[in-house]
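This is what each chain is made of:
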Number of protein chains: 2
Amino acid sequence: MAIGTGRLPPLQLRPNTTPSRSTSPYHLAWTTIAALSAPPYPPVQPTDRPSKIQDVARAAGVSAMTVSRAINHPERLNPETLQRVRDAIASMRYVPNALASGLRLSRARLVAALLPTLVGPVFQELIQSLDHALNQHGYQLMIGRTGYDAAQEADLIRAIIQRRPDGIVMIGTAASEEGRALLQASRIPVVETWDLADTAIDMLVGFSHHAIGAAVAEHFVAKGHRQLGMVSGDDARARVRVAAYAQAAQAAGLPEVTVAFTPAPSTLGGGRRGLADVLLKHPEVTAVFCSSDTLALGALIEAQHQGLRVPQDLAVVGLGDQEFAKDTAPPLTTVRLDGTRIGQLAADMIVARSLDQPVDAHHVDIGFAITQRSSS
Amino acid sequence: MAIGTGRLPPLQLRPNTTPSRSTSPYHLAWTTIAALSAPPYPPVQPTDRPSKIQDVARAAGVSAMTVSRAINHPERLNPETLQRVRDAIASMRYVPNALASGLRLSRARLVAALLPTLVGPVFQELIQSLDHALNQHGYQLMIGRTGYDAAQEADLIRAIIQRRPDGIVMIGTAASEEGRALLQASRIPVVETWDLADTAIDMLVGFSHHAIGAAVAEHFVAKGHRQLGMVSGDDARARVRVAAYAQAAQAAGLPEVTVAFTPAPSTLGGGRRGLADVLLKHPEVTAVFCSSDTLALGALIEAQHQGLRVPQDLAVVGLGDQEFAKDTAPPLTTVRLDGTRIGQLAADMIVARSLDQPVDAHHVDIGFAITQRSSS
DNA sequence: TTGTATGCGTTATCAA
DNA sequence: TTGATAACGCATACAA
């Protein structure tokens, strides 16, 4: 990506202490030693190590167990003792060591989520909802990035299992053979999401990519389109959608669909180039299904660039119903995927299993819906 | 957000076992008990609990210490013993318990990142780079969401400290008083980023939001604009940019700038409405600075919607230089923030401090640059 | 209501 | 090169 230069006189005050690879003209660096020797706030902590439960116990004049109880079972304590301990905890900024308690209890109060990438807003609704639901149950969420790389995936899974999380949520990720074996040997509850895998490791909540492809094709057919196009990613799920889309078109007696594949991740540029490719090959195409809203927005920009009116000359349908889909010009018809619900259900499943409670449905299809706006 | 319905006949096979709040017409649910009683892969593990180091030791006919050494100091072992242990580890899918080793070593090999939100692509480059750099040093990254809520922030910081990470990176987040006190008492290395706070907790790598506001104003002035507008978020850093922008305009003898504030997070819709607001109040505005690329893209869409040519009738500058900025119509002039470099430096700082090595610069300004494209 | 002893799984230290 | 021992910080079981 090209980095231009501003028109301002350079503001550089002093050269960076480390060799800078930055091209920035607005640049300064300084080192403050004082910030370390004299922190802006008085240290509550006289020692140089964080306090542990024994320190608090000493300060409060009780045993370590009483401090533990003050934290975990306050109702079992004499109110006065409780107050004394709580004061000590607050004034010493004591924070329990979760490594120790997790080891003791075999419960880390931690759930890990594995996803292919943080780039792109596709999974963010799901993550947000998962995080929120888990927090409410006192669990923390840890995020791991597989980066679409199957080779590194097993390593990441190993790193995750090391922390002994109470559950693992796989988001848009299919585990490799080695990964599956590790997960199963770990006995950690696993929820796979964003798809309906034929062979689930454990639990599953998602939707059918096949059904999506078919539904969008039939959506176009119902509106009288006969020349269908598609701008698609090229991962496994995307190919399922492409196949179903093409198959449904064929079943409706339509000519062959025109597909342009774009490399991951989805970008505006990919959508622009994808649509341009489709129209170059088959200018008679009147409807395109883009496999993400970002690609669809790129397609809208490209259509406008080419002087095509949407939806009169070209219908566009996206996938994901991102926040911005309602604000494009024209507003985007798109497939709504309820990431919030997936996150909620996945959290429920993990929490239940973690507490040895029954899980009513191990495999759930949450479906999808086509949000009809003005672009189709 | 309105959810329409598709035109397909419902594919519902069987009602969901849990009451569904989904509006989806494409919907099914099922439960598989077999998936639990008969996993698709033969269990390598005869017991129902994950194996520990003693189990491996027994299987390999050595002591637990030898297994530990095989993992952490393989060079100290007899090659034959090493091989035997490694075979046992692989066949049992043994994964060490990081809670136990972390407790023993007081090193969790974990770094936590705190950010206000995952929504919006602003911090993703930074996160990606931080994660990558830390992975290379054998650390894992854990992400925590503060959600712009100062009240919950202390709780999150407490939850993070509980895990005893080797470092904490704050991204676009200023800790509350209580949060700062907790962090300082914890003795965990902290890197604040995305800003140059006046009173840093510990280490710092960022850029000056004041300088950005001034630089963009001067960019517009240099191009001959006299009526400046701004579409901005309303957080603390955004207000600093607004003030600097207005101040620089005044210093150049320009009339008062017109500012529209939009609520977080940045959206296309916010950009559209923001620009509309600015133009409604002052139709004579010829240049707007949007405080994110997403807002800027919304502004481009709105400008086009209103029949304004960019940059002839209206100049637009964004902030962030997101991946899509080069593919908008027209390509977006924007302020480049080198999130990759911030992540890299933050990782270096944490790793150095974690290993008790000297950190050469505790406070670093990495600057920024204006990427000149066609929208201004 | 509060305290004592014990073990969670791992690894540094020392001894063989 | 390998093994025995102890300790990391906390919470359950039991005792007082």
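In this text, all values refer to a predicted model and were calculated from it rather than measured experimentally.

> Would you explain the pattern of salt bridges in this entry?
Between side chains of opposite charge, pairing is possible as soon as their charged atoms come close. Enumeration according to the criterion identifies 31 salt bridges over all chains in this entry. The shortest N-O distance in the salt bridge between Arg353(A) and Asp202(A) comes to 3.1 Å. Taken together, the positions of Arg353(A) in helix H13 (residues 339–354) and Asp202(A) in the loop between strand S5 (190–193) and strand S6 (203–206) put the pair 151 residues apart, joining distant regions of the chain. On the accessibility criterion, Arg353(A) (23% relative accessible area) is partly exposed. Looking at Asp202(A), the relative accessible area reads 6%, which means it is buried. Counted as one network, the salt bridges with shared partners bring together Arg93(A), Asp155(B), Arg158(B) and Glu178(B).

> Can you help me understand the domain arrangement of chain A in this one?
By a widely used convention, the size of an interface equals the accessible area lost when the partners come together. Residue and element names in this part refer to chain A. According to the domain assignment, chain A contains domain 1 (1–44 + 104–207 + 338–367) and domain 2 (209–336). Between domain 1 and domain 2, the contact holds 12 residues from the first and eight residues from the second. Taken together, both faces of the contact between domain 1 and domain 2 bury some 860 Å²; the carbon and sulfur share is 52%. At the boundary of domain 1 and domain 2, one finds two salt bridges. In this structure, Glu 125 and Arg 336 form a salt bridge, with 3.4 Å as the shortest nitrogen-oxygen distance. Counting the contacts that link domain 1 with domain 2 gives three residue pairs in polar contact (both at pLDDT 80 or more). Classifying every residue of the side of domain 1 that touches domain 2 gives seven nonpolar, two polar and three charged.

> Looking at this structure, I do not really get the UniProt feature "domain: HTH lacI-type" (unreviewed entry) in chain A. What am I missing?
UniProt annotation of "domain: HTH lacI-type" (unreviewed entry) refers to residues 51–105 of chain A when read in the numbering used here. Annotation note: span residues 51–105 of chain A, helix share 71%, strand share 0%, distance between end C-alpha atoms 21 Å.

> Would you take a moment to explain unusual backbone geometry for this structure?
A negative phi angle characterises most non-glycine residues, just as the trans form characterises most peptide bonds. A cis geometry characterises the amide bond from Val310(B) onward to Pro311(B), with omega recorded as 10°. Within the fold, Pro311(B) resides in the loop between helix H12 (293–305) and strand S10 (315–320). Positive phi, normally seen in glycine, also occurs at Arg164(A), with a value near 50°. One can find Arg164(A) in the loop between helix H7 (150–162) and strand S4 (167–171). Backbone geometry at Asp321(B) places phi at a positive 50°, although glycine is not the residue there. With respect to the secondary-structure elements, Asp321(B) resides in the loop between S10 and strand S11 (333–336).

> I keep staring at the protein's contact with DNA strand D and nothing clicks. Help me out?
DNA strand D sits among 24 residues. The nearest are Ile53(A), Met65(A), Tyr94(A), Thr66(B) and Thr81(B). Of everything in DNA strand D that lies within 4 Å of the protein, sugar and phosphate atoms constitute 60%. Between DNA strand D and Asn97(A), the relevant distance is 3.2 Å, taken from a phosphate oxygen to a main-chain nitrogen or oxygen of the residue. In this structure, a base nitrogen belonging to DNA strand D sits 3.1 Å away from a main-chain N or O atom of Ala100(A). In terms of residue class, the surface near DNA strand D is built from 10 nonpolar, nine polar and five charged.

> Even after reading the chapter, I still don't get the protein's contact with DNA strand C, so can you show me in this structure?
If you check the shell around DNA strand C, you find 24 residues, and the closest are Thr66(A), Thr81(A), Arg104(A), Ile53(B) and Tyr94(B). Taking the atoms of DNA strand C that fall within 4 Å of the protein, sugar and phosphate contribute 62% of them. Side-chain polar atom of Arg69(A) to a base nitrogen of DNA strand C: 2.7 Å apart, as the coordinates give it. At 2.6 Å from a base nitrogen of DNA strand C is found a side-chain nitrogen or oxygen belonging to Arg104(A). Per element, the largest residue contribution to the surface near DNA strand C is four residues, and it comes from helix H5 (residues 98–105) of chain B. Per-class residue counts for the surface near DNA strand C are 10 nonpolar, nine polar and five charged.

> How do you make sense of the nonpolar core when you look at a structure like this?
Burial of nonpolar side chains together is a common tendency in soluble globular proteins. Judged by nonpolar contacts, the single largest core of 113 residues is most densely connected at Phe289(A) and Phe289(B). Setting aside residues no more than four positions away along its own chain, Phe289(A) makes contact with Ile212(A), Gly213(A), Val216(A), Phe220(A), Gly229(A), Met230(A), Val231(A), Tyr245(A), Val317(A), Gly318(A), Leu319(A) and Val335(A). Ranked by size, the runner-up nonpolar core spans 38 residues in total, among them Ile157(A), Ile161(A), Ile160(B) and Met170(B).

> For this particular structure, what's the right way to read the environment of His305(A)?
Within the secondary structure, His305(A) is located in helix H12 (residues 293–305). On a C-alpha basis, the gap between His305(A) and Arg272(A) in space is 9.3 Å, while along the polypeptide they are 33 residues apart.

> Please clarify how the confidence of the model for chain A should be interpreted in this entry.
If pLDDT is low for a region, its predicted coordinates should not be looked at in detail. The predicted model of chain A has a mean per-residue pLDDT of 86, with 86% of residues at 70 or higher. Scored below 50 in pLDDT, residues 1–46 of chain A shows 98 contacts in the model against residues more than four places distant or in partner chains.

> I'm lost on the packing of aromatic side chains in this one. Help?
Describing an aromatic ring pair means giving the distance of the ring centres and the angle of the ring planes. Summed over all chains, the structure comprises six aromatic pairs over all chains. Note on Tyr245(A) and Phe289(A): the rings are 5.6 Å apart at their centroids and 45° apart in plane angle, and the pair reads as tilted. Taken together, the residues span a long stretch of sequence, with Tyr245(A) in helix H10 (residues 236–251) and Phe289(A) in strand S9 (residues 287–290) at a distance of 44 residues. For the pair shown, Tyr245(A) and Phe289(A) are each scored as buried. An angle of 70° between the planes, with centres 5.2 Å apart, marks the rings of Trp194(B) and Phe207(B) as edge-to-face. One end of the pair, Trp194(B), is in the loop between strand S5 (190–193) and strand S6 (203–206); the other, Phe207(B), is in the loop between S6 and helix H9 (209–222), with 13 residues separating them in the sequence. Overall, the relative accessible area of 5% leaves Trp194(B) in the buried class. For Phe207(B), a relative accessible area of 0% gives the class buried.

Parameters and conventions
Residues numbered from 1 in each chain as written. Chains lettered and ligands numbered in written order. Predicted model: local features only at pLDDT ≥ 70, side-chain atom pairs only at ≥ 80, totals over all residues. Heavy atoms only, no water. Salt bridge = Lys/Arg side-chain N within 4 Å of Asp/Glu carboxyl O. Helix = DSSP H or I, 4+ residues; strand = E, 2+ residues; numbered from the N terminus. Buried < 20%, exposed > 50% of the residue type's maximum accessible area, 1.4 Å probe, protein only. Domains from an automatic or database assignment. Contact = heavy atoms within 4.5 Å. Buried area = accessible area lost by both parts, 1.4 Å probe. Polar contact = N/O pair within 3.5 Å; in protein donor to acceptor, adjacent residues only side chain to side chain. Nonpolar A, V, L, I, M, F, W, Y, C, P; charged D, E, K, R; others polar. UniProt positions renumbered as here; feature names shortened; annotations may be inferred. Near = heavy atom within 4 Å. Core = buried A, V, L, I, M, F, W, Y, C linked by side-chain atoms within 4.5 Å. pLDDT = per-residue confidence, 0-100. Phe/Tyr/Trp six-rings, centres within 6.5 Å; stacked < 30°, edge-to-face > 60°.

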